[in-house]
Amino acid sequence: MVSSTGREEAGRRMGPEGSENWHAMLDGAEAILREEGHAQLTSRSIADRIGVKQRLVYYYFRTMDDLVIALFHRMAEREMARLKAAASGERPLRAIWDISLHSTDARLISEFMALANRIEGLRREVLHFIEESRALEIEVLEAALARAPRSVEMDASALAVTITSLALLLSRERQLGVATGHDAVSASLSTLLDELEPG
């Protein structure tokens, strides 16, 4: 994310991070990215979406790349807060799975991954979020595996990757309208989670 130092180094006064306008612009950008894709994400489209003048976007964000980085950073912070709350609950594995399965937006993820190939700062943010969230998932899985009534063939890191990937796949296919096999694989995973984390 753009630091306050970076904003000062830009040589001009910038709008305050976290302000109502700042959030409104990110809300508008998120909606455009989800509905129309990154090719349609411009300062003009954001300004038109939220009803402000185009130049105001550049009062809050030095460049469009900075806006995209700020958008991902805000989303990642919110998601990490949800995952940490889930990890401290009574059934953390089940809660994390539910978050991954029902809140994952495959369209947004695809858009951010495409943009990360071009925007280095976004790539760093994406990598940081993946590593941080995976470390949390592994910690929860390690604790569950230590209490498991029987051994599971995969270790915690392999399970974390498998579960996260499965949630993303199911979300992507569900958004496309594909449902074949979803109930069966969800039931199998639920059985595994129940073994690792009895209710």
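Refer to the structure above for everything that follows.
No experiment lies behind these values; they were computed from the predicted model shown.

The rules behind each value
Residues numbered from 1 in each chain as written. Predicted model: local features only at pLDDT ≥ 70, side-chain atom pairs only at ≥ 80, totals over all residues. Heavy atoms only, no water. Axes fitted to C-alpha atoms, helices over the stretch in contact; angles between N-to-C directions. Helix = DSSP H or I, 4+ residues; strand = E, 2+ residues; numbered from the N terminus. Parallel < 35°, antiparallel > 145°, perpendicular 65-115°, else oblique. Contact = heavy atoms within 4.5 Å. Nonpolar A, V, L, I, M, F, W, Y, C, P; charged D, E, K, R; others polar. Core = buried A, V, L, I, M, F, W, Y, C linked by side-chain atoms within 4.5 Å. Buried < 20%, exposed > 50% of the residue type's maximum accessible area, 1.4 Å probe, protein only. Left-handed = near helix turned anticlockwise from the far one by under 90°.

J.: Give me the lowdown on the packing of helix H5 (residues 64-87) against helix H6 (residues 92-103), citing residues and values where you can.
T.: Look at H5 against H6: their axes get within 7 Å of each other, and the N-to-C directions meet at 150°. What the angle tells us is that H5 and H6 run roughly antiparallel. Here H5 contributes Glu79, Arg82, Leu83, Ala86 and Ala87 to the contact with H6, which in turn contributes Pro92, Ala95, Ile96, Ile99 and Ser103. Split into classes, the residues belonging to the contact of H5 with H6 amount to seven nonpolar, one polar and two charged.

J.: Can you lay out the nonpolar core for me, pointing to particular residues and giving the numbers?
T.: If you look at the biggest cluster of nonpolar residues, it comprises 53 residues, and the most contacted ones within it are Ile46, Trp97 and Leu122. For this core, the element with the highest residue contribution is H5, accounting for eleven residues. Other than its neighbours up to four places away in sequence, Ile46 contacts Met25, Ala29, Ile32, Leu41, Val57, Met64 and Leu67.

J.: Break down the environment of Ile130 for me, with residues and values.
T.: By the element assignment, Ile130 lies in helix H8 (residues 120-147). Residue classification places Ile130 among the partly exposed positions, given a relative accessible area of 31%. Considered as a pair, Ile130 and Glu36 are 94 residues apart in the sequence and their alpha carbons are 25 Å apart.

J.: Help me get a handle on the environment of Ala86, residues and values and all.
T.: Take Ala86: it is sitting in helix H5. In sequence terms Ala86 and Glu36 are 50 residues apart; their C-alpha atoms lie 31 Å from each other. For Ala86, the contacting residues outside a window of four places in its chain are Pro92, Ala95, Ile96 and Ile99.

J.: I'd like a description of the packing of H6 against H8, backed by residues and values.
T.: Relative to each other, H6 and H8 sit at 145°, their axes nearing to 10 Å. As H6 packs across H8, the resulting crossing turns out to be left-handed. Within the contact between the two elements, H6 uses Pro92, Leu93 and Ile96 and H8 uses Glu137, Val140, Leu141 and Ala144. Considering only residue class, the contact of H6 with H8 consists of six nonpolar, no polar and one charged.

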